[in-house]
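# Residue-level structural notes
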Protein chains: 2
Amino acid sequence: MAESWSFLDTFETDFRPLVVIELAKGTKGETVEWLTKRIADKKANGGEYSMIFRAQLMVKPLVMENGDENIYVVGASHLRLLLGAETVGLVKECNDNSMRTFTYSSRKTFKDFADDNDNFLTMAECQYIIKHELENLRAKDEKMIPGYPQAKLYPGKSIVRRLLTSGILVQIFPLHDREELKKLRHSWYGRVKVGYQPLDEIRCYFGETIALYFGFLEYFTFALIPMAVIGIPYYVFAWEDYDKYVMFATFNLLWSTVILEVWKRICAIMTYRWGTLLMKRQFEEPRPGFHGVLGINPITGREEPVYSSIKRQIRIYLVSLPFVCLCLYFSLYVMMIYFDLEKWALDYHEENESTFSSLMLFVPSIIYAVVIEIMNRIYRYAAEFLTSWENHRLESSYQNHLILKVLVFNFLNCFASLFYIAFVLFDMKLLRQSLATLLITSQILNQFAESLLPYWLQKRHKKRMKKHTCSLKTDTDLSLADQVNLEKEMGTYFGTFDDYLELFLQFGYVSLFSCVYPLAAVFAVLNNITEIYSDALKMCRVYKRPFAEPTANIGVWQLAFETMSVISVVTNCILIGMSPQVNALFPDSKTDLILTVALVEHLVLAMKFIMAFVIPDKPKDIQIKLAKLEFESLEALKQQVRANDMYNSEI
Amino acid sequence: MAESWSFLDTFETDFRPLVVIELAKGTKGETVEWLTKRIADKKANGGEYSMIFRAQLMVKPLVMENGDENIYVVGASHLRLLLGAETVGLVKECNDNSMRTFTYSSRKTFKDFADDNDNFLTMAECQYIIKHELENLRAKDEKMIPGYPQAKLYPGKSIVRRLLTSGILVQIFPLHDREELKKLRHSWYGRVKVGYQPLDEIRCYFGETIALYFGFLEYFTFALIPMAVIGIPYYVFAWEDYDKYVMFATFNLLWSTVILEVWKRICAIMTYRWGTLLMKRQFEEPRPGFHGVLGINPITGREEPVYSSIKRQIRIYLVSLPFVCLCLYFSLYVMMIYFDLEKWALDYHEENESTFSSLMLFVPSIIYAVVIEIMNRIYRYAAEFLTSWENHRLESSYQNHLILKVLVFNFLNCFASLFYIAFVLFDMKLLRQSLATLLITSQILNQFAESLLPYWLQKRHKKRMKKHTCSLKTDTDLSLADQVNLEKEMGTYFGTFDDYLELFLQFGYVSLFSCVYPLAAVFAVLNNITEIYSDALKMCRVYKRPFAEPTANIGVWQLAFETMSVISVVTNCILIGMSPQVNALFPDSKTDLILTVALVEHLVLAMKFIMAFVIPDKPKDIQIKLAKLEFESLEALKQQVRANDMYNSEI
């Protein structure tokens, strides 16, 4: 086997540990030898599929203090990483301030590049490259993983994915950089300050997907401030005039369209700066959990598992769809129980009026809010299980089906009671009370469950670990073995899904019934400010470092937020139409009132669509920069054609 | 100067005349010499801008019988055309039935390719290539066109465009191929038959834009047949039950969504087969009429005219917008006059009831329909003038502004009276009568003005020409000089805009008020069948052959039709809600009725959007083929990177 870590320390000074591979305890020797050979082998080989059969990375076993030998640390030479950057299509800034796809041959034209400068690629980029190379390490002619006959392989199968699904590989995760993390923590949430988050630093450390989430969170918070500022006097002066509410609602509706459109522009500015706006989409491989019988993929022409689309449709429409409907029905059933409780509390309050009984009025809402949160979380697991059972071939298709399932249920679960109160019971007072309780309770629960609880668990674990190893070192000068030992036990961050979902539901609370409860925006702003800090804490302290994931936009969430803002136009128009003040304007005919409301609603919707159409998704200067790049590549192509021309006309 | 035509006939047998250039009479000799030299020069020159300074085409003067020397015929060698096909990025079918971008070096892999096979490129493609090369012939260091000091040039300016705007070049047009045209005419409309149009042949002869229009026209006609079939019994049995109308309207609404979505799929299938779905967008040059002071284009970095965007905005918002509003107001004013006339006719009919007076009832509608058509045509010229005065840099931006102006006015002009009758007067009988008169009159007028009138004029002109030259030859064995002489006097086909506009308005008549007048679809189908023939006649007999224009879809018209189908949901829901039968269902409360209608409308709209979202724009097999191509290009890129890898790791 390869040299141990201590030997390496003295010998290969340029080895920088980047990624940790944890194998199952008691993995067979031949398997380990085969895998490390595959990862480290230096001989390049193009091969028939132009696939990676040898990753040419550096891999070293890490001897733990307890003698375990199942942890390996992976790194790569500077040259290897630069070539990898070309493979994954990284986009970096050039000396002339334009963004270009990095190629090794044109490396001298890039900003801050020097052959002896290790900082040209950020650590997150290096780790992303290594992850990409590891995942694309493919079987050549092996029929199975050596030592594990049940773990089948076929030419072109990703070795790491098979190791993961067969349980030989426990996990792969990137290492934290304690120095960098400390700096980041300090500038992010270390001192109490008013100002923007260090998004570029976050992006360097955690990658674009996470930086974009924090960017959106910050933007969304700023965007809510005008709503909150306008909402405060409604509470302070107890304004109950509906003409004021109408003004507020109108402002809200147009504002929510504007902020969603402007976000696209800000997002384009950020991702252009980060290079991901220009990055070409990589070809999507089947997701790790996908299984099927061996067949020929019509796109690649390679042998790989194939799963009949009809079987999947049957699973989706005959199992998942009925299950989701059942869950929706159950959610409505729970809602009706809540209304029974509500009625009981009201009766109790009327019978014995006291401070206690008036507090009791809030109890049903609070209980219901807690139940909603619990149901959301349970449903989330069920949806994940069902979607992965549907056996989608691509990660993107899996994600879309999961998001659709979760969004529909969460929407109904959170807002059904409010719709019922507003449009069936017509009880505006109850609506306001219920909205406030649901919003505040869910915010408190979320903050607790998402960040503080894991943080506390993590602290406790760390303390126990320290006691266990009897080490007295401070956090920063832990040995590599200790660091790996500590980090491998940390929780895994499963992506930004839950964070966006939380914001999405919050946007619903704020916009759907905004003309009834203007204070919602204030609570949302307050929550988001603490959310930034608790999410930052979560990322830096609670979870393993996640792999960076390049991304150019917030994807399907943009659509989800836009849909919510369309629905909120409808609800707000109806709410305003129902108000006594507006009713008083049409004393003779309710018909005229309804027609007017319908007309206004259609006009606002039309205006929304026109605005979305008219406001360009990218600012002018980004458009010009993109056009410039396109022009250059067309020119380069032409020059190539013309060179051929000359060559041919000389023949 | 170059040799005359007769000399060429005996000497260069492979010269095939493709494109005709007509210069102004009395163009100076030095200009002609410079231009022909530029077009024909054989020495290739890459140059600093990687631009075309010499087109390497063949150009010959054509001596006319009347001694004029201002006509030139352009052709190109087989090799030159193949290289040009690579430059414009033509996509052709390979031996393995996949579609690929043509390159000269990979020419052997393409279907039907042989070095001695001149039919690999269609004549339309050859003409498109020559047009592209001519338009991209650029000034090098000339400051002006030789002989015309007022016609300024700057490095990189398209010579042909400057010649056109300064009036030295009268026109460039491709020649008809009399043999091919005869065959096409025969299979298109030569015999009376039931069946599809020969779209692939149309595409070979006229190019993709025109073939796609005829494809859409045919598809749209077939799509209207179910509506027409369902509509007929309503007329025959005089069904007046509104529940039947509701069924018809519901069917219509869903059907119109389905046909528009399915069209996208059919369009993808056709344009994939034609190769245009895969063609890369070419870099857009400024349109010929664009003018401004010399500046630096931020995208190309070249010196070219620049026009301040603020100036253009001022022209758009301070001149064009008020003008359009004024026109809209005028159109509404004319509408009110029509209603006065209508009232007068009704009074007249009531006073003296006779067959004449009942016929008189239709007269105001017919007059109004004629006035509408006239106003549309006048406005069209005004809109073109205004939009070109707005001085848009790109043809696409010019087209968008023109289409927006024309669509808004045409929509109001054609449908305002119907909306007024339906939703202000609530007169369903008048609505039906007015709709029928407008639809039928406009169809008759259009058929006449578009095809029959120009055809008749063209016939007369041809007869006079023949008399003039005293030639007794038949149509097919005209000499080249005679053919050019005949074709250069033919009208110019200005693109598919008016044809699509006509279909768009027809779609409006059919769908907006479909539940009131189900017979509209029948008239539309009948009109479209004759329209196919008259448009075919127009293309083959009346106009100059247009240059082929590769295109992958019907562009902004898809959006226009979709918008119309959304509006028709709203109008049909209201019409149904107004019907006495539906009113009878809600005897107690009009409020409930309106709320129900609004609910149904929202549900139908939501369903439309979901359907548009769920139905994939491209059929599965096209998706797979596209993914396959993308995969191959990614693999090729990877292989290249890997080759670099090997090279670098060997160093």
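Residues numbered from 1 in each chain as written. Chains lettered and ligands numbered in written order. Predicted model: local features only at pLDDT ≥ 70, side-chain atom pairs only at ≥ 80, totals over all residues. Heavy atoms only, no water.

Broken down by element type, chain A carries 21 helices and 10 strands. Taken against the 2.2 N^0.38 rule, which gives 26 Å for 651 residues, the C-alpha radius of gyration of chain A at 29 Å falls within 12% of a compact globule. Here the C-alpha coordinates of chain A stretch approximately 85 × 75 × 55 Å along the principal axes. Of the roughly 30,700 Å² of accessible surface on chain A, 64% is carried by carbon and sulfur atoms. Between the averaged position of the 69 positive side-chain charges in chain A and that of its 73 negative side-chain charges there is a distance of 4 Å. (Helix = DSSP H or I, 4+ residues; strand = E, 2+ residues; numbered from the N terminus. Rg over C-alpha atoms; globule rule 2.2 N^0.38 Å. Areas by Shrake-Rupley, 256 points an atom, 1.4 Å probe, with all protein chains shown as cover. Lys, Arg positive; Asp, Glu negative; His and termini not counted. Charge placed at Lys NZ, Arg CZ, Asp CG, Glu CD.)

The next subject is the state of the cysteines. Tallying each qualifying case throughout the model produces zero disulfides over all chains. Of all cysteine sulfurs, the one in Cys327(A) lies closest to Cys325(A), which takes part in no disulfide; the gap is 9.2 Å. Not part of a disulfide, Cys126(B) finds its nearest cysteine sulfur in Cys204(B), a span of 11 Å. (Disulfide = S-S within 2.5 Å.)

We now examine the packing of helix α20 (residues 590–614) of chain A against helix α20 (residues 590–614) of chain B. Contact geometry of α20(A) with α20(B) gives a least axis separation of 9 Å together with a crossing angle of 15°. Relative to α20(B), α20(A) is oriented roughly parallel. With respect to the hand of their crossing, α20(A) and α20(B) are arranged in left-handed fashion. Side by side, α20(A) and α20(B) meet where Lys590(A), Thr591(A), Ile594(A), Leu595(A), Glu601(A) and His602(A) of the first sit next to Lys590(B), Thr591(B), Ile594(B), Leu595(B), Glu601(B) and His602(B) of the second. (Axes fitted to C-alpha atoms, helices over the stretch in contact; angles between N-to-C directions. Parallel < 35°, antiparallel > 145°, perpendicular 65-115°, else oblique. Left-handed = near helix turned anticlockwise from the far one by under 90°. Contact = heavy atoms within 4.5 Å.)

With that out of the way, let us pick up the UniProt feature "transmembrane region" (unreviewed entry) in chain A. Residues and elements named next belong to chain A. As recorded in UniProt, the feature "transmembrane region" (unreviewed entry) lies at residues 219–239, 245–263, 316–339, 359–379, 402–423, 503–526 and 593–615. Between the first and last C-alpha atoms of residues 402–423 the distance is 30 Å; the span itself is 100% helix and 0% strand. Helix makes up 96% of residues 593–615 and strand 0%, and the two end C-alpha atoms of the span are 32 Å apart. (UniProt positions renumbered as here; feature names shortened; annotations may be inferred.)

What follows covers the nonpolar core. Core analysis: the biggest nonpolar cluster contains 104 residues, and Trp188(B) and Trp557(B) have the highest contact counts within it. Those residues in contact with Trp557(B) that sit more than four places away from it in its chain are Ile403(B), Leu407(B), Phe497(B), Tyr500(B), Leu501(B) and Phe504(B). Of all hydrophobic cores here, the second largest spans 97 residues; its members include Ile202(A), Met270(A), Tyr398(A) and Phe415(A). (Core = buried A, V, L, I, M, F, W, Y, C linked by side-chain atoms within 4.5 Å. Buried < 20%, exposed > 50% of the residue type's maximum accessible area, 1.4 Å probe, protein only.)

With that out of the way, let us pick up the side chain of Thr551(A). Residues and elements named next belong to chain A. With respect to the secondary-structure elements, Thr 551 resides in the loop between α17 (520–542) and α18 (556–578). One polar contact links the side chain of Thr 551 to the main-chain carbonyl oxygen of Asn 553, over a distance of 3.2 Å. Each residue touching Thr 551, except ones within four places of it in the same chain, is listed here: Glu 208, Thr 209, Leu 212, Thr 271 and Thr 276. (Polar contact = N/O pair within 3.5 Å; in protein donor to acceptor, adjacent residues only side chain to side chain.)

Turning our eyes to something else, we now look at the packing of aromatic side chains. Residues and elements named next belong to chain A. Tallying each qualifying case throughout the model produces 73 aromatic pairs over all chains. Taking 5.4 Å as the distance between ring centres and 40° as the angle between the ring planes, the aromatic pair formed by Tyr 219 and Trp 263 counts as tilted. Placement of the pair is Tyr 219 in helix α8 (residues 208–236) and Trp 263 in helix α9 (residues 242–274), with a sequence separation of 44 residues. Side by side, Tyr 219 and Trp 263 carry an identical accessibility label, which is buried. (Phe/Tyr/Trp six-rings, centres within 6.5 Å; stacked < 30°, edge-to-face > 60°.)

Let's shift gears to a nonpolar patch on the surface. Residues and elements named next belong to chain A. On the surface, a nonpolar cluster with roughly 840 Å² of combined accessible area is contributed by Ile 310, Ile 314, Tyr 317, Leu 318, Val 319, Leu 321, Phe 385 and Trp 389. Secondary structure elements with two or more residues in the nonpolar patch: α10 (309–351) and α12 (363–389). The greatest single-element share of the nonpolar patch, amounting to six residues, is contributed by α10. One can find Trp 389 in helix α12. With a relative accessible area of 32%, Trp 389 lands in the partly exposed category. (Patch = residues over 30% accessible without salt bridge, like charges linked within 9 Å, V, L, I, M, F, W, Y side chains within 5 Å. Salt bridge = Lys/Arg side-chain N within 4 Å of Asp/Glu carboxyl O.)

In this section: the sheet that holds strand β8 (residues 169–174) of chain B. Residues and elements named next belong to chain B. A sheet is described by the order of its strands in space; here four strands give the open sequence β2-β3-β1-β8, paired in antiparallel fashion. Strands at the two margins of the open sheet, each flanked by one partner only, are β2 (58–61) and β8. The sheet shows a mean angle of 20° between the axes of neighbouring strands, taken without regard to direction. On the sheet, helix α4 (residues 123–135) packs against β1 (19–23), β3 (71–75) and β8 and is oriented at approximately 40° with respect to β1. (Pairing = 2+ DSSP bridges.)

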